[in-house]
Amino acid sequence: MIEFESTLTEITLSPGGIGGVLACPPRLQLQPGQYLLGTVPELAAPLASALFPADIQSGLLRLAAPLPQTWTAGMILRVRGPLGHGFTLPALARRVALADPNHSAERLAPLMTAALAQGAAVVLFSATSPADLPAEVESLPLEQLAEAPAWADYLALDLTTAQAANWRKLLAIPPGQPCPCSTETLIVTAIPCGGQAECGVCAVQTRSGWRLGCKDGPVFPLTELELR
Amino acid sequence: MSANLPRQELYSRSPWLVAGLGFAPAAALPVLPEPPGAFITAPISIAARTPAESRACLSYPGGFLLHTGLPNPGLRAILKHYAARWERSGLPIWPHLIPATPDEAGRMSRLLEGRENVTALVISPPLNLKENEQRDLLAAARGELPIIVEIPLSAISAAGVETLAGLGISAIIGGAPRGCLPAADGTLVGGRLFGPGLLPQTLEVVRLVKRAGLPIIAAAGVFSAGAGTAALTAGAWAVALDVVLWRPGALGL
């Protein structure tokens, strides 16, 4: 984990709100699904924001929406990370499905890049199609998400806790039947402390007890979750 | 019980205290105006507590509301996991206890007495206790270690401070007040309030408690080195930095 200062060089607009581009120190190694905690010192906001990468290229880190609406291009951010536990893409996965029922799957984009790099076929199910989707990726409507578990050998989701609690309905898997493919989900929750405090506001109930989204997550194996 | 017990002296090599960073100090602590004097743990109950059903972190202008249910694995589990780290820590440890009854307060206090590097106890009495119940709880906790009582800013009164002074309490922490905010679905969520917007209340409490002759530790509302210095200048015995330390760069030093 490192802490650094960097300038927000660009603000971008996406269906999920505003995103941004940050100069990225070369020593920052982010796994897909891991996050950073960032704050603009000049704004003196009481809380830092969880920042998820949408892409890292040529020393620039594209941040997924939504960022705080008070952030503008040129502001200097204080950033800590990488934090948390990200996605574990199986090295042998050859059919990878990604799904974001809420936005355009920006937080899943680094995983898409990793899957393509290992020669996997990638299908994306999302509420809105991202503008810069690689040509190799097949984009399908969310209504077809139920087909993903039978086709994919790895499925990655970006869900709210309420959606994760209803994953069987989302994937059309009857009660009692296991999910046929390895499935992980990023859980959208407040992460104010970045794993420093064990305050529990991001706690997620799993088969093995309560886990912290900030430290043990925000990515969890879907079938481990016991959400209500 | 005597009405005027002698106060046990509290010692800290620095007026800057670290809080809000879990149950044991990490290898690297945030940069403060000077090296910290003690580490105050996250709240600990006698038995394990699970997270609240309606957990929330809601921002508002000037601060944020945090509702967690104060989850923790319970004092015995904490000791099992962290006692060795407490002993190795270069910082004195002040466990923050949330007993529900005098019996719990006494048992927790006895479990912590004699522990290497534990030099004081911070106790948050339940908010719904009557004055005599609060007195019994603090009396039960009293032992070899100095006792610091954490009280929400909004619950600190001149009369209450005088009562605490008579109980031999070593200091008071002006803790996070309670409040309510509507969640996304419109339901009201209650929780602890944090943020720089509380600083004026903190300074008022510093003035009030100092007048009563009790050491006061400023906590809620201190979100910058300048705010901490203002509290110390106003007469605070120390400043406990908590959720402000969650921010990268914390105090901007």
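None of the values given here were measured: they were computed from a predicted structure.

Draft legend 1. Inspection of the overall build of chain B at higher detail. Helix and strand content of chain B: six helices and twelve strands. The C-alpha atoms of chain B give 17 Å as radius of gyration, which agrees with the globular expectation for 253 residues (18 Å, within 12%). Each principal axis of the C-alpha distribution contributes one length, and for chain B these read about 45 × 40 × 35 Å. Within chain B, the proportion of its 253 residues that are buried is 56%.

Draft legend 2. The packing of helix α2 (residues 102-112) of chain B against helix α3 (residues 131-141) of chain B, seen in detail. All names here are of chain B. Look at α2 against α3: their axes get within 7 Å of each other, and the N-to-C directions meet at 20°. Relative to α3, the element α2 lies roughly parallel. Relative to α3, α2 is oriented so that their crossing is right-handed. For the pair α2 and α3, contact is made by Pro-102, Ala-105, Gly-106, Ser-109 and Arg-110 and by Asp-136, Leu-137, Ala-140 and Ala-141, respectively. Grouping the constituent residues of the contact of α2 with α3 by class yields five nonpolar, two polar and two charged.

Draft legend 3. The arrangement of helix α6 (residues 225-233) of chain B in detail. Residue and element names in this part refer to chain B. Along α6, the positions that sit buried rather than exposed are Ala-225, Ala-227, Gly-228 and Ala-231. One side of α6 holds all its buried residues, which, seen down the axis, span an arc of 165°. Elements that come into contact with the buried residues of α6 comprise β1 (16-18), α5 (199-211), β11 (216-218) and β12 (238-241).

Draft legend 4. Structural detail: the nonpolar core. Val-96 and Leu-98 of chain A together with Trp-86, Leu-164, Leu-241 and Trp-246 of chain B are the most contacted members of the largest nonpolar core, which totals 105 residues. The element best represented in this core is helix α1 (residues 75-88) of chain B, accounting for five residues. In contact with Leu-98 of chain A, other than residues within four places in its own chain, are Leu-108, Leu-111, Met-112, Val-122, Val-123, Leu-124, Phe-125, Leu-155 and Ala-156 of chain A.

Draft legend 5. Expanded view of unusual backbone geometry. Residues and elements named next belong to chain A. The step from Ala-65 to Pro-66 runs through a cis peptide bond, and the omega angle for that step is 0°. Mapped onto the elements of the fold, Pro-66 is located in the loop between β6 (60-63) and β7 (76-83). Omega for the peptide link from Gly-217 to Pro-218 comes to 10°, which places this bond in the cis form. By secondary structure assignment, the location of Pro-218 is in the loop between β14 (209-212) and β15 (219-221). Of note in the backbone geometry, Ala-44 takes a positive phi value of approximately 55° without being a glycine. Within the secondary structure, Ala-44 is located in the loop between β3 (35-39) and β4 (49-51). Look at Glu-198: it is not a glycine, yet its phi comes out positive at around 55°. A relative accessible area of 22% places Glu-198 in the partly exposed class.

Draft legend 6. Focus on the packing of α1 of chain B against α2 of chain B. All names here are of chain B. At a minimum axis separation of 12 Å, α1 and α2 run at an interaxial angle of 25°. Between α1 and α2, the angle falls in the class roughly parallel. In the crossing of α1 with α2, the sense of the turn from one axis to the other is right-handed. On α2, the residues touching Leu-75, Arg-76, Leu-79 and Trp-86 of α1 are Met-108, Leu-111 and Leu-112.

Draft legend 7. Structural view of the interface of chain B and chain A. Contacts between chain B and chain A engage 28 residues on the former and 24 residues on the latter. Summed over both sides, the interface of chain B with chain A buries roughly 1,900 Å², with 63% coming from carbon and sulfur. Of all residues in chain B, Trp-246, Arg-247 and Pro-248 of chain B give up the largest surface area on contact with chain A, accounting jointly for 35% of the area buried on that side. Here chain B and chain A share zero salt bridges between them. Along the contact surface separating chain B from chain A lie eight residue pairs in polar contact (both at pLDDT 80 or more). When contributions to the side of chain B that touches chain A are tallied by element, the ones reaching two or more residues are β3 (56-60) and β4 (63-67) of chain B. The biggest single contributor to the side of chain B that touches chain A is β4 of chain B, with four residues. For the side of chain B that touches chain A, the residue count by class is 15 nonpolar, ten polar and three charged.

Draft legend 8. Spotlight on the sheet that holds β15 of chain A. All names here are of chain A. Pairing is mixed across the open sheet formed by six strands, whose spatial order is β10-β9-β8-β11-β12-β15. Across the chains shown, the open sheet's two edge strands, defined by having one partner strand only, are β10 (138-140) and β15. Mean inter-strand twist for the sheet, computed between neighbouring axes without regard to direction, equals 20°. Judged from the four bridges that link them, strand β8 (residues 95-100) and strand β11 (residues 154-160) form a sheet pairing that is parallel.

Draft legend 9. Structural view of the sheet that holds strand β10 (residues 188-194) of chain B. All names here are of chain B. Judged by pairing direction, the sheet is antiparallel, and its four strands sit side by side in the order β3-β4-β10-β9 without closing on themselves. Of all strands in the sheet, those with a lone pairing partner are β3 and β9 (178-182), marking the two edges. The average undirected angle you get between the axes of adjacent strands in this sheet is 40°. With three bridges connecting them, β4 and β10 associate as antiparallel partners. Counted as the bridge partner of Leu-66 is Arg-192 from β10.

About the criteria used
- Residues numbered from 1 in each chain as written.
- Chains lettered and ligands numbered in written order.
- Predicted model: local features only at pLDDT ≥ 70, side-chain atom pairs only at ≥ 80, totals over all residues.
- Heavy atoms only, no water.
- Helix = DSSP H or I, 4+ residues; strand = E, 2+ residues; numbered from the N terminus.
- Rg over C-alpha atoms; globule rule 2.2 N^0.38 Å.
- Buried < 20%, exposed > 50% of the residue type's maximum accessible area, 1.4 Å probe, protein only.
- Axes fitted to C-alpha atoms, helices over the stretch in contact; angles between N-to-C directions.
- Parallel < 35°, antiparallel > 145°, perpendicular 65-115°, else oblique.
- Left-handed = near helix turned anticlockwise from the far one by under 90°.
- Contact = heavy atoms within 4.5 Å.
- Nonpolar A, V, L, I, M, F, W, Y, C, P; charged D, E, K, R; others polar.
- Arc of directions from axis to C-beta.
- Core = buried A, V, L, I, M, F, W, Y, C linked by side-chain atoms within 4.5 Å.
- Buried area = accessible area lost by both parts, 1.4 Å probe.
- Salt bridge = Lys/Arg side-chain N within 4 Å of Asp/Glu carboxyl O.
- Polar contact = N/O pair within 3.5 Å; in protein donor to acceptor, adjacent residues only side chain to side chain.
- Pairing = 2+ DSSP bridges.

Interpretation note: all reported values are geometric properties and have no functional meaning in isolation.
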